[in-house]
Amino acid sequence: MNESSAYQDLQPIHPEPASFWRRCVFSTDHKVIAKQFLWAGLLFLLFGGLLAMMIRWQWAYPGEKVPGMGAVLSRSGGVITPSAYNTIFTMHGLIMIFFAITPIMIGAFGNFCIPLMIGARDMAFPALNMISFWTFLVSQGLVIASFFVQLGSAAAGWTTYPPLSTQIGTPGTGQTLVVLAIFVTGVATIMGSINYVTTVIRLRAPGMTYMRMPATVWGLWLTAILNVLFVPVLGSAALLLLFDRAFGTQFFIAGAAAVKGGGDPLLFQHLFWIFGHPEVYILILPAWGIATDLLSFFARKPAYWFKGSVIAMTAVTILSAVVYGHHMFVTGMNPLLGQSFMLLTLIISVPAELLFLNWLHTLWKGSIRLTVPMLFALGMVFVFGLGGLTGLYLGTVSTDLYLHDTMFVVGHFHYTMAAASFLASFGALYFWFPKMFGRTMNEGLGKIHFWGSVVFITLVFGGQMLVGYAGQQRRLYDPYQYTFLAHLRPLNQWTSFFAFALGLSQLPFIYNFFQSVFAGAKAEQNPWQVGTLEWTLPSPPPHHNFDTIPTVLRGPHEYSNPEVKKALGRDWIGQTENLPTGATSGAVAGTGGE
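Criteria and cut-off values
Residues numbered from 1 in each chain as written. Predicted model: local features only at pLDDT ≥ 70, side-chain atom pairs only at ≥ 80, totals over all residues. Heavy atoms only, no water. Helix = DSSP H or I, 4+ residues; strand = E, 2+ residues; numbered from the N terminus. Rg over C-alpha atoms; globule rule 2.2 N^0.38 Å. Buried < 20%, exposed > 50% of the residue type's maximum accessible area, 1.4 Å probe, protein only. Contact = heavy atoms within 4.5 Å. Areas by Shrake-Rupley, 256 points an atom, 1.4 Å probe, with all protein chains shown as cover. Lys, Arg positive; Asp, Glu negative; His and termini not counted. Charge placed at Lys NZ, Arg CZ, Asp CG, Glu CD. Core = buried A, V, L, I, M, F, W, Y, C linked by side-chain atoms within 4.5 Å. pLDDT = per-residue confidence, 0-100. Expected span 1.5 Å × (residues − 1). Bend = angle between axes of the 7 residues up to and from the residue. Axes fitted to C-alpha atoms, helices over the stretch in contact; angles between N-to-C directions. Parallel < 35°, antiparallel > 145°, perpendicular 65-115°, else oblique. Nonpolar A, V, L, I, M, F, W, Y, C, P; charged D, E, K, R; others polar. Phe/Tyr/Trp six-rings, centres within 6.5 Å; stacked < 30°, edge-to-face > 60°. Lys NZ or Arg CZ within 6 Å of the ring centre and 35° of its normal. Patch = residues over 30% accessible without salt bridge, like charges linked within 9 Å, V, L, I, M, F, W, Y side chains within 5 Å. Salt bridge = Lys/Arg side-chain N within 4 Å of Asp/Glu carboxyl O. Polar contact = N/O pair within 3.5 Å; in protein donor to acceptor, adjacent residues only side chain to side chain. Left-handed = near helix turned anticlockwise from the far one by under 90°.

**Examining the overall build of the chain**
If you tally the helices and strands in the chain, you get 18 helices and zero strands. Radius of gyration (C-alpha) of the chain: 24 Å, near the 25 Å computed for a compact globule of 594 residues. Expressed along its principal axes, the backbone C-alpha trace of the chain runs to roughly 75 × 55 × 45 Å. Residues classed as buried in the chain amount to 60% of the 594 residues present. Taking as baseline every contact in the chain between residues at least 6 positions apart, the subset at least 24 positions apart corresponds to 79%. Carbon and sulfur atoms make up 69% of the accessible area of the chain, which totals about 23,100 Å². Of the charged side chains in the chain, 29 are positive and 23 negative; the average position of the first set lies 4 Å away from that of the second.

**As for the environment of Leu 355**
For Leu 355, the position within the fold is in helix α11 (residues 335–363). Sequence separation between Leu 355 and Gly 219 is 136 residues, and the spatial gap between their C-alpha atoms is 12 Å. Look past the residues within four positions of Leu 355 in its chain and what remains in contact with it is Trp 288, Thr 292, Ser 309 and Met 313.

**Considerations on the nonpolar core**
Counting residues in each nonpolar core, the largest one holds 182 residues, and the members touching the most others are Trp 288, Trp 359, Met 380, Trp 432 and Phe 513. With 24 residues, helix α4 (residues 82–118) is the single largest residue contributor to this core. Setting aside anything within four residues of it in sequence, one finds Met 380 in contact with Ile 284, Ala 287, Trp 288, Ala 291, Trp 359, Ala 420, Leu 423 and Ala 424.

**Points about the confidence of the model for the chain**
Residue-level pLDDT values for the chain average 93, and 95% of them are 70 or greater. Segment residues 585–594 is flagged for pLDDT under 50; beyond a separation of four residues in sequence, or across chains, it makes 31 contacts in the model.

**As for helix α7 (residues 215–247)**
Along an α-helix, residues three or four positions apart point the same way, because every turn accommodates 3.6 residues. Along its 33 residues, α7 runs 46 Å from first to last C-alpha, staying within 8% of the 48 Å computed at 1.5 Å per residue. Within α7, the axis deviates most sharply at Val 228, by approximately 35°, and proline Pro 232 lies no more than four positions further along. Looking at the residues trailing α7, positive phi occurs at Gly 248, about 75°.

**Observations regarding the packing of helix α12 (residues 372–395) against helix α15 (residues 443–469)**
Close contact between α12 and α15 brings their axes to 9 Å; oriented N to C, the two are set at 5°. In this view, α12 runs roughly parallel relative to α15, as classed from their interaxial angle. Contact residues: α12 offers Val 372, Leu 375, Phe 376, Gly 379, Phe 382, Val 383, Leu 386 and Thr 390, while α15 offers Glu 443, Gly 446, Lys 447, His 449, Phe 450, Val 454, Ile 457, Thr 458 and Met 465. For the contact of α12 with α15, the class distribution of residues is ten nonpolar, five polar and two charged.

**Looking at the packing of aromatic side chains**
Evaluation of the coordinates by the stated rule reveals 58 aromatic pairs. Geometrically, the ring pair formed by Phe 243 and Phe 247 is tilted, given 5.8 Å between the ring centres and 55° between the ring planes. Linking Phe 243 with Phe 247, this pair stays in helix α7, spanning four residues, or about one helical turn. Of the residues examined, Phe 247 reaches a relative accessible area of 63% and is grouped as exposed. The ring centre of Tyr 210 lies 3.9 Å from the NZ or CZ of Arg 204, which sits over that ring. It is Arg 570 that lies over the ring of Trp 572; its NZ or CZ is 4.1 Å from the centre.

**Overview of a nonpolar patch on the surface**
The grouping of Trp 39, Leu 46, Leu 50, Leu 504, Leu 507, Ile 510, Phe 514 and Phe 518 at the surface amounts to a nonpolar patch, some 790 Å² of accessible area in total. Residue assignment for the nonpolar patch shows that the elements contributing at least two residues are α3 (30–60) and α17 (507–519). In terms of residue count, the dominant contributor to the nonpolar patch is α17 (four residues). With respect to the element layout, Leu 50 can be found in helix α3.

**Description of the side chain of His 557**
Within the secondary structure, His 557 sits in the loop between α17 and α18 (562–568). Overall, the relative accessible area of 0% leaves His 557 in the buried class. Here the side chain of His 557 touches Asp 293 through a polar contact of 2.7 Å, side chain to side chain.

**A word on the packing of helix α9 (residues 265–299) against α12**
Remark: α9 packs on α12, axes separated minimally by 9 Å, with the N-to-C direction vectors making an angle of 130°. By the angle between their axes, α9 is oblique relative to α12. Considering only the axes of α9 and α12, their crossing is left-handed. Of the residues in α12, those touching α9 at Ile 284, Ala 287, Trp 288, Ala 291, Leu 294, Leu 295, Phe 298 and Ala 299 are Pro 373, Met 374, Ala 377, Leu 378, Met 380, Val 381 and Phe 384.

**Here we look at the pattern of salt bridges**
One pass over the structure, following the stated rule, counts five salt bridges. Between Lys 31 and Asp 29 there is a salt bridge whose closest N-O contact spans 3.0 Å. Exposure remark for Lys 31: the relative accessible area of 6% places this residue in the buried category. On the basis of relative accessibility, which here comes to 6%, the residue Asp 29 falls in the buried class. With its nearest N and O atoms 2.8 Å apart, the salt bridge here joins Arg 570 to Glu 577. Look at Glu 577 and you get partly exposed, because its relative accessible area is 24%. What you see here is one network of salt bridges that share partners, running through Arg 300, Arg 369 and Asp 571.

**Comments concerning the environment of Val 372**
Considering the arrangement of structural elements, one finds Val 372 in helix α12. For Val 372 and Ile 448, which are 76 residues apart along the polypeptide, the C-alpha to C-alpha distance reads 9.5 Å. Setting aside its immediate chain neighbours within four residues, Val 372 contacts Tyr 430, Glu 443, Gly 446 and Lys 447.

**Regarding the environment of Ser 367**
Looking at the secondary structure, you find Ser 367 in the loop between α11 and α12. For the pair Ser 367 and Phe 298, spaced 69 residues apart in the sequence, the C-alpha separation amounts to 7.6 Å. Those residues within four positions of Ser 367 in sequence are excluded, and the remaining contacts are Phe 298, Ala 299 and Arg 300.

**Details of unusual backbone geometry**
With omega at 5°, the peptide bond leading from Pro 162 into Pro 163 counts as cis. The topology assignment puts Pro 163 in the loop between α5 (126–146) and α6 (173–202). A cis amide bond, omega -5°, links Ser 539 with the succeeding residue Pro 540. Its location among the elements puts Pro 540 in the loop between α17 and α18.

Here it is as structure tokens:
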């Protein structure tokens, strides 16, 4: 038995299910599950975005009626009360991180891209993949249910620090349901991540060496590894907090250690940030991978020093496990320990900077095509650069003591984690939409969406950083009750106007998305003229993806090879195509052709 036939036997072709329920609802097809994650994530992205608009209204016009929210805030006459505000900003953060960005970037594009881009017919564990989605859907149901119980949803901040998140600090069932939702979505994440890790290791097509994998797969795979390692830590913290709330245990009760040998609130902070800082990279690694691929695809150049980019992403993945203490500089941490975490935090910026420089080198003298996916990739590079540079001040003990818990922190992590992931997700959606749905999106509407998004997202989070540098703390219901912050009201109002404009900028996308899904022009097999494996398939791909498992001959970024141009009349060659006579494998430097 030769190598190729062995791969075919390892992944036999299973017939497509005949019933609607097995084909479209309880499906084990990774492409269908990807769409399910996409729909679920986009719905909660809208939900989380509306909550953000309410926060910005409160900071612009504290105590005034919110337009159009009379029914939602009927008990308070349409005004955001302090308790309602606590719920709004808490659930905005939790929804955006765990129930919007995660399902879109990791759930949807991880499921859709990994098998197709490595030449597999499905995930390693299709049934577990299906269970992962439905478990995630249960967690979203718990979040929705939390808004309809007495005293409302969670209100202890998105970090859910005890003692504020205990029954003493935040009584009621809503907070308990949200903590349970975090635990349940963690279970779903671990299921999916085990699938991703195993699929990449076991089901790569013949010839698909690690350095021939697209950067998108690298980003998603490294993210899955971090999820497998660190989501159980968050799950443990959530479970112990659930016990404290529901069963009267004292894992995180202040002073319990002195009375009954119980726990300590700081223990929760350690557990949360041991997961929480890798979570930053869990959300940004896929964005880095997507940007690395898209910049190469649309600059029509090989990704500059692709191996170096992979090494940088791997180094960040490893170092992300040992920098979490910079979130706790103000907790009374031993100064020597703080200095160690500061040093490690500054070290982790080095591979990130290498990655950034590789992106710039990829663009340099490229034959750039400013398609909508390329614009979003460029926007991601820009906002990530802003967020990365401003993060240096927060990773340094002396400056963090002043900036900690101010709006400067909010602006920083929104640039790196929110804006970068947001723009990369849309770049991915516009890029893989033709393959996912078999139709094309309107390019003009896409560009309107991009410019509105990138301009106003930059202004919103830049405005947050300015008021933070001026001393405005985060989470304040009405900042202007403090005399030293009263002069910041005009700046906060302008920032809110930019936020409202950012929200309105998403309307062209909503129309474009739904119009294209149901009535868009039929997509070509390879409209972007790129060489990765998914574009060798029809749009959308068949149930089993590949009739024959492909054999990979080179890396994913073979562009501008003069020999290819001479033989084929185009500037690219696919990963499975034989090189023309006279050209040699890996002829283009940096393509990962080894």
